[in-house]
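# Observations on the three-dimensional arrangement
Now for the letters of each chain:
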Amino acid sequence: MTRNLPLVFDAPRRSRPPQHLADLDPVQRRAAVTELGEPAFRARQLANHYFGRLGDDPETMTDLPAAVRTRLSEALLPPLLTPVRHVTCDAGTTRKSVWRAFDGALFESVLMRDPDRVTMCVSSQAGCGMACPFCATGQAGLTRNLSTAEIVEQVVAGARSLSRGEIAGGPGRVSNVVFMGMGEPLANYNRVLASVRRLTDPAPDGLGMSQRHITVSTVGLAPAIDRLTDEKLSVTLAVSLHAPDDELRDSLIPVNTRWKVGEVLDAAWRYADHTGRRISIEYAMIKDVNDQPWRADLLGRLLSGRLAHVNLIPLNPTPGSDWDASAKPVEREFMRRLRAAGVPTTVRDTRGREIDGACGQLAAAEV
Ligand code: SAH
């Protein structure tokens, strides 16, 4: 029957980003190179150029014959991310980048340099489908999932800038990656997981980063957390809780109507049990919404004795929202109560605020 469908259904749809070396694992790379008529060992040469040396100019691949360089890089290293703009603040140590993909989709990444580390905050989706009312990305809805290579390229772009000394503080390396940019990483599970492998596989198969320095942050898709547990990785899991009770969390994190606080935390504890990794509980402090002392006490009871710490994030008010950050004394009292319950608690530094590069402010718009 499909034969009778109008031609438009047969039209090639360019819905997927072009394939890139970083989409493929080492076995798939060898197959791809062989398919292009080259010996399989060229896959490793290409990977060494891309992951090992962060190269972006085929001419520097001098271990490959000139004609092969062009052919392989055209087929396996297509440009995926076009910079729309880079904006910096914090004396040049924080840089937000807005990227445009092959299909016009926009997404953002943020590089943050501290004395002891450099963190890349990356997007896993263009937009987000989770619709959390306090988050700027959530307001615009989901455009699409990013490909594995589109995620990896955000980190590679930051790593290149650092290695070339373009970031204040001199040449350096990306040490940490947090999936806290646009999107819900566990809603793009396979590609996010593959990107974690590319980031952590030893060079030249990948960037050779430590799994412990990668943080996957989720609204709490409980079955996907269990899937992540089964991967036996040692990445850090962050859970965006924001409320200890279902009544309030249903309104702050709409997907809570599907997976309740108890189910999300149970999945998180299974992750902690299997990996030995401390769970990071994210809690945006929203004035008069979720910052009452009784909520601190309830949260303390839920987390006490567990392998967890709480990250309080002063709310970054998003345009058009009535919500504001909690007053500092309220924040301090909230923290005091959690600590009194034996729960390690810190307040998140909100870098990049003035360039809309801080938590929850990423909302790429073409201007
Ligand atoms: N979808 C993932 C990653 C999102 S962004 C997740 O929800 O975890 C990373 C963190 O920033 C999340 O904890 C998110 O809830 C928080 N966030 C979003 N908007 C915010 C805002 N306006 N102020 C403070 N934190 C915000």
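The structure presented is a predicted model; accordingly, all values stated were derived computationally and were not measured. Sequence order sets the numbering: in each chain, residues are counted from 1 along the sequence as written. Local features in this predicted model are restricted to residues of pLDDT 70 or higher, and side-chain atom pairs are both shown and tallied only at a pLDDT of 80 or more, whereas totals for entire chains, interfaces and linings draw on every residue. Only hydrogens and water are removed before side-chain values are computed, so all heavy atoms of the structure are retained for them.

Mapped onto the elements, L312 comes out in strand β11 (residues 308-314). We call a residue buried when its accessible area falls under 20% of the maximum for its residue type, exposed when it is over 50%, and partly exposed in between, using a 1.4 Å probe and counting protein chains only. With a relative accessible area of 0%, L312 lands in the buried category. Taking the C-alpha atoms as reference points, L312 and M112, 200 residues apart in sequence, are found 19 Å from one another. Whether two residues touch is decided by their heavy atoms; if any such pair falls within 4.5 Å, the residues are in contact. Among residues more than four places away in sequence, those in contact with L312 are Y283, M285, E331, F334, M335, L338, T345, T346, V347 and R348. Helix and strand assignments follow DSSP, with helices taken as H or I runs no shorter than four residues and strands as E runs no shorter than two, numbered in order from the N terminus.

Attention shifts here to helix α7 (residues 222-230). All of the buried residues along α7 are A222, A224, I225, L228 and T229. Along the axis of α7, the buried residues cluster in a sector spanning 160°; they form a single face. Its buried side turned inward, α7 meets α6 (189-200), β8 (214-218), β9 (236-240) and α9 (261-275). In the segment just after α7, K232 is the residue with positive phi, at about 55°. Note: the arc covers the axis-to-C-beta directions of the helix.

Quick look at unusual backbone geometry now. Cis rather than trans, the peptide bond between A203 and P204 has omega equal to 5°. Examined against the element boundaries, P204 turns out to sit in the loop between α6 and β8. Positive phi, close to 50°, is recorded for D90, a residue that is not glycine. As for its placement among the helices and strands, D90 is situated in the loop between β1 (82-89) and β2 (94-100). For K232, which is not a glycine, the phi torsion comes out positive at approximately 55°.

Attention now moves to the site of the ligand. Nearness of a residue to a molecule or strand requires only that one of the residue's heavy atoms be within 4 Å of it. Close to the ligand lie 21 residues; F134, S217, S240, H242 and N316 are nearest. Here a nitrogen atom of the ligand and a side-chain polar atom of E184 are 3.0 Å apart. Two N or O atoms form a polar contact when they lie within 3.5 Å of each other; inside protein one atom must be a possible hydrogen donor and the other a possible acceptor, and for residues adjacent in sequence the pair counts only when both atoms belong to side chains. Within the side chain of H242, one N or O atom sits 2.6 Å away from an oxygen atom of the ligand. For the shell around the ligand, the secondary structure elements donating two or more residues are β8 and β11. When residue character is reported, Ala, Val, Leu, Ile, Met, Phe, Trp, Tyr, Cys and Pro are called nonpolar, Asp, Glu, Lys and Arg charged, and the others, Gly included, polar. Within the shell around the ligand, the residues separate by chemical class into 10 nonpolar, 9 polar and 2 charged.

Where α7 meets α9, the closest approach of the two axes is 9 Å, and the angle between their N-to-C directions is 5°. The orientation of α7 relative to α9 falls into the category roughly parallel. Where α7 abuts α9, its residues A222, I225, D226, L228 and T229 lie against E263, V264, A267, A268, R270, Y271 and H274. Residues that form the contact of α7 with α9 fall into these classes: 7 nonpolar, 2 polar and 3 charged. Comment: axis = line fitted to C-alpha atoms, over the contacting stretch for helices; angle = value between 0 and 180 degrees taken between N-to-C directions. To sort the angles, those under 35 degrees are grouped as roughly parallel, those over 145 as roughly antiparallel, those from 65 to 115 as roughly perpendicular, and the leftovers as oblique.

Attention now moves to the pattern of salt bridges. Working definition: two side chains of opposite charge can pair if their charged atoms are close together. Salt bridge, as applied in this entry: a Lys or Arg side-chain nitrogen positioned within 4 Å of an Asp or Glu carboxyl oxygen. The final tally for this structure, using the stated rule, is 18 salt bridges. Across the pair E150 and R144 runs a salt bridge whose closest N-O atoms are separated by 2.9 Å. Residue E150 shares its accessibility class with R144, and that shared class is buried. When the shortest N-O distance is used, the salt bridge between D226 and R270 registers 3.0 Å. Highlighted residues: D226 in helix α7 and R270 in helix α9, separated in sequence by 44 residues.

Bringing the packing of aromatic side chains into the picture now. Stacked, tilted and edge-to-face are the three classes applied to pairs of Phe, Tyr and Trp rings, where Trp contributes its six-membered ring and a pair requires centres within 6.5 Å; stacked means planes under 30 degrees apart, edge-to-face means over 60, and tilted covers the rest. One pass over the full model with this rule turns up 2 aromatic pairs. Between Y50 and F51, the ring centres sit 4.8 Å apart and the planes meet at 85°, which makes this aromatic pair edge-to-face. When the centroid spacing of 5.0 Å and the interplanar angle of 35° are considered together, the rings of Y283 and F334 count as tilted. Taken together, the positions of Y283 in strand β10 (residues 279-285) and F334 in helix α11 (residues 328-340) put the pair 51 residues apart, joining distant regions of the chain. Residue Y283 is classed as buried on the basis of its relative accessible area of 0%.

It is worth spelling out the nonpolar core at this point. For soluble globular proteins, nonpolar side chains are generally found buried alongside one another. The term nonpolar core refers to a set of buried residues drawn from Ala, Val, Leu, Ile, Met, Phe, Trp, Tyr and Cys, joined through side-chain atoms within 4.5 Å. Membership of the largest hydrophobic core comes to 105 residues, with the highest contact counts inside it found for V177, F179, I279, I281 and V310. Start and end positions for the domains come from either an automated domain assignment or a database one. Both domains that meet at this core, namely domain 1 (21-76) and domain 2 (82-366), each give it at least three residues. Here I281 is in contact with V239, L241, L265, L303, A308, H309, V310 and N311, once residues within four sequence places are set aside.

This paragraph deals with helix α2 (residues 42-52). The element α2 is largely enclosed, with a buried count of 8 among its 11 residues. If you check which residues of α2 are buried, you get R42, A43, Q45, L46, A47, H49, Y50 and F51. Tucked into the core, α2 has its buried residues touching α1 (26-35), α3 (66-76), α5 (148-163) and α6. The positive-phi residue at the C-terminal boundary of α2 is L54, with phi of around 55°.

Right, let's get into the sheet that holds strand β7 (residues 176-179). Taking strand neighbours across the sheet as the criterion, the 10 strands line up as β1-β2-β3-β4-β7-β8-β9-β10-β11-β12 in an open arrangement whose pairing is mixed. Bordering the open sheet on either side are β1 and β12 (345-347), each of which pairs with just one other strand. Ignoring which end each strand starts from, the neighbouring axes of this sheet average 20° apart. Whether two strands pair comes down to DSSP finding at least two bridges between them. Here β9 runs beside β10; their pairing, made up of 3 bridges, is parallel. Considered in β10, the bridge of A238 is made with S280. The sheet contacts of α5 involve β2, β3 (106-114), β4 (117-121) and β7, and relative to β3 the element is tilted by about 40°. Contacts from α6 reach β7 and β8, with the element oriented near 175° to β7.

Scope: geometric values only; no functional claims are made or implied.
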